[in-house]
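Structural description and commentary
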Amino acid sequence: MRRALTLALRGRGTTAPNPMVGAVVVRDGQVVGEGCTQPAGGPHAEVQALSAAGVLAAGASIFVSLEPCNAFGRTPPCVDAIIAAGVRRVVFAASDPNPAMRGGADRLRAAGIEVLGGIEALAALDQNPAFHHQFASDRPFVTLKLARTLDGAITDSRRVPTWLTGPAARREVHRQAAEPAGVAVGVGTAIADDPQLTARTLPRPRTTPARIVFDRTGRLPLDSHLVRTARETPVLLVATHLEAHRRSAFEASGVHVMLADGLEAQLLMLRATGIGSIYCEGGAALADALLGAGLVDRLVIFTAPVRLGANALRPLQSGAHVPVEHTARHRLVSHRRLGDDLMAIYDLTSSVHRTR
């Protein structure tokens, strides 16, 4: 199953709206076929692995990181291919959350095939968290990225935009930002950095993430890079209140303006327009607001080996005081060294409380 999970990563950024899935066919203790889900419309992982195994799939076991699908989508059901191949046993990690596709395990059992589920389920869920989230929530899956120093700062006392992390960490940020449906910043960061918020990775993602600016009153400059390129790559301006002339100016430039009161309502509105996942690049005010409202599902922290002193800007300073014995401990999904920087990813949707 761990091999299947590794194979699944080959589809990173290319399978949307399908999840990344890997499959391994094993016969008599030997791997005889492998596969991963191809770009949407192409074969799923199980079909690829069975095709590679050929006649050796008969009587074999197949290990899949997601329960085989049980309905027609752009491709036929994977359970049909598994049954037709004469597979003896199916082992899967996570259950399929899609109501239109689930039920594969029951179909396979009804066909006389041995089925075992839940093997490395948490690892499989961590690979495709936004995919699973969409069937359990009406808002987008929100990932918040923070780059900080050893003493918790995100920029120095001058508030001048600059890189804290090294090239390896910055490449990883670009890779992560290319995967969701939207990449977001607060208006303060948009004004200070004048970012592009475009995917600059190879291979290019299958779908280009929309660029989102949370801007309560429409302060984003009309001559900013985002506004000037809104007709090339979509820009969504999410505001609470906007003067009519400002709204007209944005829309004349190709910016899609969305109005709602409060972050949660704004996220629900984004989801209703098809934005199922968001990667938030900053800054401090947006980070504080999202975390304070409990609207962050994944927190990605890049820590650079520098210190900026007492007057530097630090996020996460707002919110009510919480006694240490009552604080929640969030699950560490993964951690990794990138040059001299450290990356840690936390799951904020499940937590346990500290005990004395």
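Here we summarise the structure given alongside this text. (Residues numbered from 1 in each chain as written. Predicted model: local features only at pLDDT ≥ 70, side-chain atom pairs only at ≥ 80, totals over all residues. Heavy atoms only, no water.)

**Observations concerning the pairing of strand E6 (residues 141-149)**
Counted residue by residue, E6 has seven buried out of nine residues, so it is predominantly covered. Across four bridges, the pairing between E6 and strand E11 (residues 277-282) is parallel. From the neighbouring strand, Phe141 faces E11, where its bridge partner is Ser277. By the bridge criterion, seven bridges tie E6 to strand E12 (residues 298-304) in an arrangement that is parallel. Bridge pairing in E12 places Arg148 opposite Thr303. (Buried < 20%, exposed > 50% of the residue type's maximum accessible area, 1.4 Å probe, protein only. Helix = DSSP H or I, 4+ residues; strand = E, 2+ residues; numbered from the N terminus. Pairing = 2+ DSSP bridges.)

**Quick word on the packing of aromatic side chains**
To describe a pair of aromatic rings, you give the distance between the ring centres and the angle between the ring planes. In this structure the tally under the stated criterion is one aromatic pair. Considering the side-chain rings of Phe131 and Phe135, the 5.5 Å spacing of their centres and the 80° angle between planes classify their relative orientation as edge-to-face. Residue class for Phe131 comes out buried when judged on its relative accessible area of 12%. For Phe135, a relative accessible area of 33% corresponds to the partly exposed category. Directly above the aromatic system of Trp163 lies the positively charged group of Arg170, at a separation of 4.6 Å from the ring centroid. (Phe/Tyr/Trp six-rings, centres within 6.5 Å; stacked < 30°, edge-to-face > 60°. Lys NZ or Arg CZ within 6 Å of the ring centre and 35° of its normal.)

**A few points about unusual backbone geometry**
Between Ala16 and Pro17 the backbone carries a cis peptide bond, its omega angle lying at 5°. Residue Asp28 is not a glycine yet carries a positive backbone phi of 55°. Summarising the element assignment, Asp28 is placed in the loop between strand E1 (22-27) and strand E2 (30-36). You can call Asp28 exposed: its relative accessible area is 71%.

**Comments concerning the sheet that holds strand E3 (residues 61-66)**
In space, the five strands of this open sheet follow the order E2-E1-E3-E4-E5, with mixed pairing throughout. Of all the strands in the sheet, just E2 and strand E5 (114-116) have a single pairing partner and so form its edges. Pairwise comparison of adjacent strand axes, ignoring direction, gives a mean angle of 15° for this sheet. Alignment of E3 against strand E4 (residues 89-94), held across five bridges, turns out to be parallel. Its bridge partner lying in E4, Ile62 is registered against Val90. (Axes fitted to C-alpha atoms, helices over the stretch in contact; angles between N-to-C directions.)

**Considering the pattern of salt bridges**
Counted by the stated rule, this structure contains 18 salt bridges. For Arg298, the salt bridge is made with Asp126, and the minimal N-O distance between the two is 2.8 Å. In this pair, Arg298 sits in strand E12 while Asp126 sits in helix H5 (residues 121-127), placing the two residues 172 residues apart along the sequence. Of the charged contacts in the structure, one is a salt bridge between Glu179 and Arg175, with a shortest N-O distance of 2.5 Å. For Glu179, a relative accessible area of 36% gives the class partly exposed. Linked through salt bridges whose partners overlap, the residues forming this network are Arg12, Glu172, Arg175, Glu179 and Arg336. (Salt bridge = Lys/Arg side-chain N within 4 Å of Asp/Glu carboxyl O.)

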